[in-house]
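Chain by chain, the residues:
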Amino acid sequence: MSVVSEVVSQNREYWERLAPHRHGEPVEFFVNGGSALTDDELAAIGDLRGRRVLQLACSVGDEALSFAQRGADVTAVDIAPSHLATGRAKAEALGVDVTFVLQDMMTLDSEITGFDVIYISWGGLCWVPTLTEWTRLVADRLNPGGLLVISEHHPLWEILTVRGDNVLSVSGDYFGSDRDGYTDPLKAPEITRTLGTPDVPHRSFVWSISSVVTAVLTAGLTLRSLQESPVTEMYPGLGEQAMSIPATYLLTASADQAPV
Ligand SMILES: C[S@@+](CC[C@H](N)C(=O)[O-])C[C@H]1O[C@@H](n2cnc3c(N)ncnc32)[C@H](O)[C@@H]1O
């Protein structure tokens, strides 16, 4: 077994233990006009009607449902069957079509291809073990002119921890990609703080902005936009100072148009 497939199979077990406890937004949220996509994401992607969208590491599929509600033809993949089951149940209750598929985003089946948009978000990219391998696969599955959209926690946020009022400490290594070696309990996702971390090996990664940009360019994609944003609530206790450091980023990159 390769190192990548070993990491993925450990992570599958980890996520499958957590998945039955994660539900995302309730169906009523979507019925009442709620969207799991941000205004910035929607502005970057544009009109979704009739476009083929692939969401990677979709979890319970909240963003996939929002894409489908806007008229996209959506495929959503994840390695945790219970996440996909929750997503399918929500899609059925909402009456929208999303094709949820059990897939490792590092080795997508060959028929999962031909997309206008490939999207990953909010704690998805940190489960990619080898970034350039992943961007190459993504580039291969985009249609000419298609867009890769990465909407993520900023890697700087990943390694900074607020400890009391206005005290910020460095709890990870921005330049070293192995996130779990530095895991700070204060940075653990809410679900593992509540349920405890599943007692199985797992590995995730911090990908610096330069490593993401380099991987995107190495895959032959064209960088279209890169936006870093502050989010005060992501640094609770820092108050207004949180407006001076990044919390999230949104990157878009396109595959070359077919020659005319
Ligand atoms: C924090 S969730 C992702 C984010 C989603 N946007 C959300 O907000 O819920 C991380 C997801 O990545 C999935 N995952 C981890 N490694 C994966 C892989 N190799 N292929 C596909 N999905 C993977 C997990 O099963 C989990 O559902």
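These numbers were taken from a predicted model, which means no experiment stands behind them.

### Examining the pattern of salt bridges
In step 1: By the definition in use, this model includes six salt bridges.
In step 2: Close ionic contact of Arg17 with Glu13 constitutes a salt bridge, the shortest N to O distance being 3.0 Å. Of this pair, Arg17 and Glu13 both sit in helix 1 (residues 3-18), separated by four residues, roughly a single helical turn.

### Some details on the pairing of strand 1 (residues 52-55)
In step 1: In the sheet, strand 1 pairs with strand 2 (residues 73-78) via four bridges, with the strands oriented parallel. Among the inter-strand pairings, Arg52 is bridged to a residue of strand 2, identified as Asp73.
In step 2: Taking the sense of rotation as the criterion, the β-α-β connection linking strand 1, helix 4 (residues 62-69) and strand 2 turns out right-handed.
In step 3: One ladder, built from three bridges, connects strand 1 with strand 4 (residues 115-121); its direction is parallel. Bridge pairing in strand 4 links Val53 to Val117.

### Here we look at the site of the ligand
In step 1: Surveying the vicinity of the ligand reveals 18 residues, the closest of which are Asp78, His83, Asp104, Met105 and Ser121.
In step 2: Within the side chain of Asp78, one N or O atom sits 2.5 Å away from an oxygen atom of the ligand.
In step 3: With respect to the ligand, the backbone of Met105 contributes an N or O atom lying 2.9 Å from a nitrogen atom.
In step 4: Protein contacts shield 92% of the accessible area of the ligand, which totals 590 Å² for the unbound molecule.

### Description of the UniProt feature "domain: Methyltransferase" (unreviewed entry) in the protein chain
In step 1: Annotation from UniProt places "domain: Methyltransferase" (unreviewed entry) at residues 53-146.
In step 2: Summarising residues 53-146: 35% helix, 28% strand, and an end-to-end C-alpha distance of 10 Å.

### A word on the sheet that holds strand 5 (residues 142-153)
In step 1: Reading across the sheet, the seven strands line up as 3-2-1-4-5-9-8 and stay open at both edges, with mixed pairing between neighbours. Single-partner strands in this sheet number two, and they are strand 3 (98-102) and strand 8 (222-229). Taken pair by pair, the neighbouring strands of this sheet meet at an average axis angle of 15 degrees, ignoring direction.
In step 2: Bridge count for strand 4 against strand 5 is six bridges, and the pairing is parallel. Paired with Tyr119 across the strands is Val149, a residue of strand 5.

### Some points on the environment of Leu54
In step 1: Residue placement: Leu54 occurs in strand 1.
In step 2: We classify Leu54 as buried; its relative accessible area is 0%.
In step 3: For the pair Leu54 and Tyr119, spaced 65 residues apart in the sequence, the C-alpha separation amounts to 6.2 Å.
In step 4: In this view, Leu54 contacts Thr75, Val77, Leu108, Ile112, Phe115, Val117, Ile118 and Tyr119; residues no more than four positions away in its chain are not counted.

### A short note on the packing of aromatic side chains
In step 1: Enumeration according to the criterion identifies seven aromatic pairs in this entry.
In step 2: Measuring from centroid to centroid gives 5.6 Å for Tyr14 and Trp15, while their planes differ by 90 degrees, and the two rings are edge-to-face. Here Tyr14 and Trp15 have matching classes, each one buried.
In step 3: Judged by centre distance (5.4 Å) and plane angle (80 degrees), the rings of Trp15 and Trp127 are edge-to-face.

### Let's talk about the state of the cysteines
In step 1: Per the counting criterion, the structure on display carries zero disulfides.
In step 2: Cysteine Cys58 is unpaired, with the sulfur of Cys126 as its nearest cysteine sulfur at 15 Å.
In step 3: Overall, the relative accessible area of 6% leaves Cys126 in the buried class.

Cut-offs used in this document
Residues numbered from 1 in each chain as written. Predicted model: local features only at pLDDT ≥ 70, side-chain atom pairs only at ≥ 80, totals over all residues. Heavy atoms only, no water. Salt bridge = Lys/Arg side-chain N within 4 Å of Asp/Glu carboxyl O. Helix = DSSP H or I, 4+ residues; strand = E, 2+ residues; numbered from the N terminus. Pairing = 2+ DSSP bridges. Right-handed = clockwise from strand over helix to strand, strands pointing away. Near = heavy atom within 4 Å. Polar contact = N/O pair within 3.5 Å; in protein donor to acceptor, adjacent residues only side chain to side chain. Areas by Shrake-Rupley, 256 points an atom, 1.4 Å probe, with all protein chains shown as cover. UniProt positions renumbered as here; feature names shortened; annotations may be inferred. Axes fitted to C-alpha atoms, helices over the stretch in contact; angles between N-to-C directions. Buried < 20%, exposed > 50% of the residue type's maximum accessible area, 1.4 Å probe, protein only. Contact = heavy atoms within 4.5 Å. Phe/Tyr/Trp six-rings, centres within 6.5 Å; stacked < 30°, edge-to-face > 60°. Disulfide = S-S within 2.5 Å.

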